[in-house]
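Residue-level structural notes
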Amino acid sequence: MNTNTFSNRPRKQTGIVVTFCLAALLMTYISYELPRLLPGDFVTAMYGSSNVSLTEKQETELKAYYTEKQGFLPYLIRILRLDWGYSYAFLTPVSALFFSALPWTLLLMGTAHIISTILGFTGGVEAAWRHGSRFEKGMVGGMTLLEGIPEICSGVILLVIFALHLQWFPASGAETAYTEMAFFERLVDVGHHLFLPLLTLILAYVPGNFFLTRNSMIMVIKEQFIMTARAKGIPPLKIRYKHAARNALLPVVTRFGLRIAFMITGVLVVERINSYPGLGTLLFNAIQARDLPVIQAVVLASSLIVLAVILGMEYVYRIIDPRIE
Amino acid sequence: MHINLRHYLFHNPLFVSGLLLALIFGAVGLFGPLIAPYDPWDMSFSPISSPSAAHILGVNDGGQDIFSELLFAVRNTMVFGLLSGMAALVMGVLAGAAAGWFGGIIDSLLMRFADILLAIPAVMILILAAALFRPSPATLAIILSGLMWPTIAKAIRAQTLSLKNSLHIKAARQMGGGNFYILIRHLLPELYPLYLIGFTAKARMAMFMEASLAFLGLFDPSRKSLGMMISYSIKFYYMDIWWNWIFPPIICLSCLIMTATFLAISLERALDPRLRETLSGRKA
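Residues numbered from 1 in each chain as written. Chains lettered and ligands numbered in written order. Predicted model: local features only at pLDDT ≥ 70, side-chain atom pairs only at ≥ 80, totals over all residues. Heavy atoms only, no water.

**Here's the deal with the overall build of chain B**
Along its length, chain B carries 12 helices and zero strands. Listed N to C, the secondary structure of chain B is α-α-α-α-α-α-α-α-α-α-α-α in terms of helices and strands. Judged by the C-alpha coordinates and their principal axes, chain B covers about 75 × 45 × 30 Å. Taking all 284 residues of chain B together, the buried fraction comes to 55%. (Helix = DSSP H or I, 4+ residues; strand = E, 2+ residues; numbered from the N terminus. Buried < 20%, exposed > 50% of the residue type's maximum accessible area, 1.4 Å probe, protein only.)

Now the structure itself:
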């Protein structure tokens, strides 16, 4: 097996953990230090241009919160204790806002990520297997076109057609409000609301997985063990998925975690388009209201979650590819 | 090899269509302000009027000519993408070549830093910076490129490592060429295909990022941009404005991103030697 087919294999275990801890610390430090770099009276300036009115006491509290030299370590401990401050725009503790929005984003992003990986992967395997055929050329062309359409565009078009014109799907929300529903009915309702944002994200992320799988599968198919498998008379379907695809899966899994860092942008945009009550909408509303504690918390906490997921994927990779260490 | 490459590229429909689109957008970007029939900030027309001979795409809710707005918006998005892609390329090439050539502690430090940056979602840092400081678009473009360089650096580093032991580099060393001389004179010119791929890929990502940030309302509201036009126009979805107000910025943005995608994918196919023989149908 030539080694440079999979050039981006992870390094030693401790190295990865250290890298991720450093990344998490860096992110936390940026979120701690940035507001402190702002000139003097930014609290007044910031809330002055928003529609939130602060009382005298709240304003001094906020100023104290952002200007006092509390030090990085106490800040870190507060972050870990989920003591993220109080939102004056929503009149709720920031952590409560965050954890009520998080499940929806996880549901949307998780489902979209898994479905688009599976679709892209099977598409890539099938296309590479029929390398040079009309089927493959069509798939490659279609995927290239799809790769060129950003989520903002597909999202708005899908919304305009299916929610506003045809009215097949709801244009906003994650479930129908103020109704008592049985478990199964509720599930259907949530799925109905999820469909449009989910479809938008899947359309945007299938091509990346497709190209990754196809390119590595084309390399794998040429390996000698595939020839051996064919010579032994193993059925093609079994060669494709049991022998070849297992090797083509490796780069897809390595990128599975990293891809999330890129997907975040799309998720924010899609949630805003479909008014889906996840972190993206929370962040958008916070930006509109200039609600600094909420912006800071969403930015920091979601980055840390992404880091944790990427780190977790490194371990999955080790299970799939026993050749490492 | 380079002549074959040019031949291959100009017979590749993907590359040719990407190039054509790029030329069109280049012209729009350069001459947009001259073509624009009105000042895009002029609010003196009757709000939300349908397309007419005077206003090809009609007038928006603020009484501004949509076609003029569109021309300025395309230009802003493009400038952001090109600037950010260029800066990311410079940083990536410098870091990658240094890491690959010098090796040792420089290599491990740079690559560790690159790994850290890759794992952090770029959009989050941009949002934080944009919400706190309201920086200029150029500043945001540079911050973004500071987060995007690692992928370019990794590709450059890998290629530098493999070139490092090639005969002509060894010969240059034997003749007493210094590090700097070899890097500038031999190594960097030879890596040029990677620059094209890296630059188009990063410019694409930056334009996408700019549109998303504008859509989320993180830029100065008076700055014309495609994302902001989309975000304003869908508020009026219930009116008969789909064709003249909602779709034009969407189509322009898709075409812009497609241009970069086509160029990036076709260049990657042409220049990646592993895929090349299989893709062009010739068995080398």
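**What to know about a nonpolar patch on the surface**
There is a patch of nonpolar side chains on the surface, built from A:Ile157, A:Ile161, A:Leu166 and A:Trp168 and spanning about 340 Å² of accessible area. Take A:Ile157: it is sitting in helix H7 (residues 151–165). (Patch = residues over 30% accessible without salt bridge, like charges linked within 9 Å, V, L, I, M, F, W, Y side chains within 5 Å. Areas by Shrake-Rupley, 256 points an atom, 1.4 Å probe, with all protein chains shown as cover. Salt bridge = Lys/Arg side-chain N within 4 Å of Asp/Glu carboxyl O.)

**Re the interface of chain A and chain B**
Facing the 62 residues of chain A at the interface are 48 residues of chain B. Buried surface at the junction of chain A and chain B, summed over both partners, amounts to about 5000 Å²; 79% is from carbon and sulfur atoms. The tally of links between chain A and chain B comes to zero salt bridges. The tally of links between chain A and chain B comes to one residue pair in polar contact (both at pLDDT 80 or more). At the level of secondary structure, the elements contributing two or more residues to the side of chain A that touches chain B comprise helix H1 (13–33), helix H6 (134–147), H7, helix H8 (183–221), helix H10 (236–273), helix H11 (279–288) and helix H12 (292–320) of chain A. Broken down by element, the side of chain A that touches chain B gets its largest block of residues, 10 residues, from H1(A). (Contact = heavy atoms within 4.5 Å. Buried area = accessible area lost by both parts, 1.4 Å probe. Polar contact = N/O pair within 3.5 Å; in protein donor to acceptor, adjacent residues only side chain to side chain.)

**Section: the packing of aromatic side chains**
Summed over all chains, the structure comprises 10 aromatic pairs over all chains. Geometrically, the ring pair formed by A:Phe169 and A:Phe195 is stacked, given 4.5 Å between the ring centres and 10 degrees between the ring planes. Residue A:Phe169 is found in the loop between H7 and H8, and its partner A:Phe195 is found in helix H8; the two are separated by 26 residues along the sequence. Taking relative accessible area as the criterion, A:Phe169 reaches 18% and is therefore assigned buried. A relative accessible area of 37% places A:Phe195 in the partly exposed class. Between B:Phe113 and B:Trp149, the aromatic rings sit 6.0 Å apart at their centres with planes inclined by 40 degrees, giving tilted as the arrangement. Highlighted residues: B:Phe113 in helix H4 (residues 104–119) and B:Trp149 in helix H6 (residues 137–164), separated in sequence by 36 residues. The buried category is assigned to B:Trp149, whose relative accessible area is 7%. When the ring centre of A:Phe284 is taken as reference, the NZ or CZ atom of A:Arg272 above it lies at 4.0 Å. Cation over ring: A:Arg272 sits above B:Phe215, and NZ or CZ is 5.1 Å from the ring centre. (Phe/Tyr/Trp six-rings, centres within 6.5 Å; stacked < 30°, edge-to-face > 60°. Lys NZ or Arg CZ within 6 Å of the ring centre and 35° of its normal.)

**Focus on the packing of helix H7 (residues 167–174) of chain B against helix H8 (residues 179–190) of chain B**
All names here are of chain B. Here H7 crosses H8 at 175 degrees, and the two axes come no closer than 11 Å. The angle between H7 and H8 falls in the class roughly antiparallel. For the pair H7 and H8, contact is made by His168, Ile169, Ala172 and Arg173 and by Ile182, His186, Leu187 and Glu190, respectively. Here the residues of the contact of H7 with H8 sort into four nonpolar, two polar and two charged. (Axes fitted to C-alpha atoms, helices over the stretch in contact; angles between N-to-C directions. Parallel < 35°, antiparallel > 145°, perpendicular 65-115°, else oblique. Nonpolar A, V, L, I, M, F, W, Y, C, P; charged D, E, K, R; others polar.)

**Observations concerning the confidence of the model for chain A**
Residues and elements named next belong to chain A. Counting all residues, the mean pLDDT for chain A is 80, and 85% of those residues have values of 70 or more. Summarising per-element confidence for chain A, the mean pLDDT is lowest in helix H2 (residues 42–48) (61) and highest in helix H5 (residues 94–129) (90). This stretch, residues 1–11, has a pLDDT under 50; its non-local contacts, to residues over four places away or in other chains, come to 25 contacts. (pLDDT = per-residue confidence, 0-100.)

**Some words on the side chain of B:Glu69**
Residues and elements named next belong to chain B. For Glu69, the location among the structural elements is in helix H3 (residues 66–102). We classify Glu69 as buried; its relative accessible area is 6%. Here Glu69 is in contact with Pro40, Asn60, Gln64, Lys224 and Met229, once residues within four sequence places are set aside.

**Overview of unusual backbone geometry**
All names here are of chain A. Phi is positive for Gln167, close to 55 degrees, though the residue is something other than glycine. Secondary-structure assignment places Gln167 in the loop between H7 and H8. Of the residues examined, Gln167 reaches a relative accessible area of 61% and is grouped as exposed. Even without being a glycine, Ser275 presents a positive backbone phi close to 45 degrees. According to the relative accessible area criterion, Ser275 is partly exposed, its value standing at 35%.

**A closer look at the state of the cysteines**
This model, assessed by the stated rule, comprises zero disulfides over all chains. Free cysteine: A:Cys153, not disulfide-bonded; nearest cysteine sulfur from B:Cys255 at 9.1 Å. Lacking any disulfide linkage, B:Cys255 is separated from the closest cysteine sulfur, that of B:Cys252, by 6.7 Å. (Disulfide = S-S within 2.5 Å.)

**Here we look at empty space enclosed by the protein**
Rolled over the atoms, a probe with the dimensions of a water molecule shows which regions are left empty. Here the structure, examined in full by the defined rule, presents two cavities of 30 Å³ or more. Residue lining of the largest cavity: 15 residues in total, with A:Phe262, B:Ile120, B:Ala122, B:Leu147 and B:Met205 positioned closest to the centre. Elements represented by at least two residues in the lining of the largest cavity include exactly H10 of chain A together with H4, helix H5 (122–133), H6 and helix H9 (192–215) of chain B. Taken together, the residues of the lining of the largest cavity sort by class into 12 nonpolar, two polar and one charged. Grouping the amino acids of the lining of the second largest cavity by side-chain chemistry returns four nonpolar, four polar and no charged. (1 Å grid on protein atoms, 1.4 Å probe; cavity = no way out; pocket = protein on both sides within 12 Å on 5 of 7 lines; lining within 4 Å. Points joined across faces, edges and corners; volume = space filled by probe spheres on them.)

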